[in-house]
Amino acid sequence: YRHNPRTDQVVPQVFSVSSAVFEQGYRDYVGNLVAGLVAQRLEESVTPGAAEREYKSHPDDPRIASRYAWELFKVGKRKDARKLAREILNGHPSEPYAILVMAQLELRAEDVPAAIDWLERGLRQDEPHPQLLDLLADLRFRQEDYAQAVDLYNLGLKFRPDHVPW
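Sequence order as written defines the numbering, with residues in each chain counted from 1. Reporting in this predicted model follows two pLDDT cut-offs: at least 70 for local features of residues, and 80 or more for side-chain atom pairs to be given and counted; totals over whole chains, interfaces and linings ignore these cut-offs and use all residues. Side-chain numbers come from the whole structure's heavy atoms, not from hydrogens or water.

K.L.:
Help me get a handle on the overall build of the protein, residues and values and all.
P.N.:
Strands are runs of DSSP state E lasting at least 2 residues, helices are runs of H or I lasting at least 4, and numbering of each runs from the N terminus. When helices and strands are counted, the protein shows nine helices and zero strands. The helix and strand sequence of the protein, counted from the amino end, reads α-α-α-α-α-α-α-α-α. Its C-alpha atoms give the protein a radius of gyration of 23 Å, clearly above 15 Å, the size a compact globule of 166 residues would have. When its C-alpha atoms are laid out on the principal axes, the protein stretches across 70 × 40 × 30 Å. Categorising residues by exposure relies on relative accessible area from a 1.4 Å probe, with only protein chains included: less than 20% of the type maximum marks a residue as buried, more than 50% marks it as exposed, and the intermediate range marks it as partly exposed. For the protein, the residues scored as buried account for 33% of the 166 residues in total. Here the protein has roughly 11100 Å² of accessible surface; of this, 51% comes from carbon and sulfur atoms. In summary, the charge assignment counts Lys and Arg as positive and Asp and Glu as negative, without counting His or the chain termini. For this purpose, a charge sits on NZ of Lys, CZ of Arg, CG of Asp or CD of Glu. When the 22 basic and 26 acidic side-chain charges of the protein are each reduced to a single mean position, those positions are 4 Å apart. For the radius of gyration, the atom set is restricted to C-alpha positions; the globular benchmark scales as 2.2 Å times the number of residues to the power 0.38. Note on areas: these come from Shrake-Rupley sampling with a 1.4 Å probe, and a residue is covered only by the protein chains present in the view.

K.L.:
Go over the packing of aromatic side chains, please, and point to the residues and values.
P.N.:
Ring pairs shown here join Phe, Tyr and Trp side chains whose ring centres sit within 6.5 Å, with only the six-membered ring taken for Trp; geometry is labelled stacked below 30 degrees between planes, edge-to-face above 60, and tilted in between. According to the stated counting rule, one finds five aromatic pairs in the structure shown. Ring plane angle 20° and centroid distance 4.9 Å describe the contact between Tyr55 and Tyr68, whose orientation is recorded as stacked. Taken together, the positions of Tyr55 in helix 3 (residues 48-57) and Tyr68 in helix 4 (residues 62-74) put the pair 13 residues apart, joining distant regions of the chain. When the ring of Trp70 is compared with that of Phe73, the centres are 5.7 Å apart and the planes differ by 20°; the resulting orientation is stacked. Of the two residues, Trp70 and Phe73 both sit in helix 4, three residues apart, roughly one turn of that helix.

K.L.:
Lay out the nonpolar core in plain terms, naming residues and giving numbers.
P.N.:
Residues Leu84, Leu100, Val101, Leu119 and Leu123 are the most contacted members of the largest nonpolar core, which totals 38 residues. Residue assignment for this core shows that the elements contributing at least two residues are helix 3, helix 4, helix 5 (78-91), helix 6 (96-108), helix 7 (112-122), helix 8 (130-142) and helix 9 (146-159). Setting aside residues up to four positions removed in sequence, Leu100 forms contacts with Trp70, Leu119, His129, Gln131, Leu132 and Leu135. Within this scheme, the nonpolar core is defined by two criteria: the residues are buried Ala, Val, Leu, Ile, Met, Phe, Trp, Tyr or Cys, and they are joined through side-chain atoms within 4.5 Å. By the convention used here, residues are in contact when the closest approach between their heavy atoms is within 4.5 Å.

K.L.:
Mind laying out the pattern of salt bridges, listing which residues take part and the relevant values?
P.N.:
The working definition used for a salt bridge is a side-chain nitrogen of Lys or Arg within 4 Å of a carboxyl oxygen of Asp or Glu. What the rule picks out here adds up to 11 salt bridges. Asp126 is paired through a salt bridge with Arg124; the nearest N and O atoms lie 3.1 Å apart. The exposed category is assigned to Asp126, whose relative accessible area is 53%. You can call Arg124 partly exposed: its relative accessible area is 37%. Two residues, Asp145 and Arg140, come together in a salt bridge whose shortest N-O distance is 3.4 Å. The partly exposed category is assigned to Asp145, whose relative accessible area is 26%.

As C-alpha cells, then:
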C-alpha cells in the first residue's frame with residue numbers, strides 16, 4: 001500500500017488468490033457469521049406511565065404486570081413493586097422483570113446471596129433475559145466466582161454477541 005496500488009492488485013500479492021475468489025470467500029464468511037447469530041427479541045423502552053396504562057388494560061398478563069413492577073421499582077415505589085412482583089411470582093415463578101425486582105430489592109438490603117438465588121431461579125439457558133443475565137454475571141464476578149462468571153459471560157456472548165460487557 002506504500003505505493004498506492006489498487007485493491008485488485010494487492011489481494012493476489014498478499015493472499016495468493018484472485019480478488020474475485022477473495023471476495024467470494026469473504027461473502028461466504030460474513031454470511032455464515034450472520035446465519036449463526038441467534039434471533040433476539042428486543043424489549044421496547046417503556047415509560048412508567050405507559051407501563052401503568054398497559055397494566056391497567058391487561059392486569060392478568062404476567063409479562064405486562066412484571067414490566068410494570070420493574071418500572072415501579074425504577075421510580076422508587078419499592079413497596080408497590082415488591083407487592084406486585086410477589087403476586088406475579090406466585091403464579092409465574094420465572095417472570096424475568098419480577099425476578100429482577102426481587103433481586104434488586106435484596107441487593108438494596110445488601111443480601112447478595114439472596115439476590116443471586118433469585119437471579120438463578122429466573123435464568124433460562126435456552127433464552128436468557130439480558131438484564132437478568134448481566135446482573136447475575138456481574139455479581140458472580142464481584143464475588144470472585146470467576147468460573148461461574150465466565151460461564152455466564154459465554155452464555156451472554158452466545159445470545160447477545162453485540163453486547164459490550166461479554
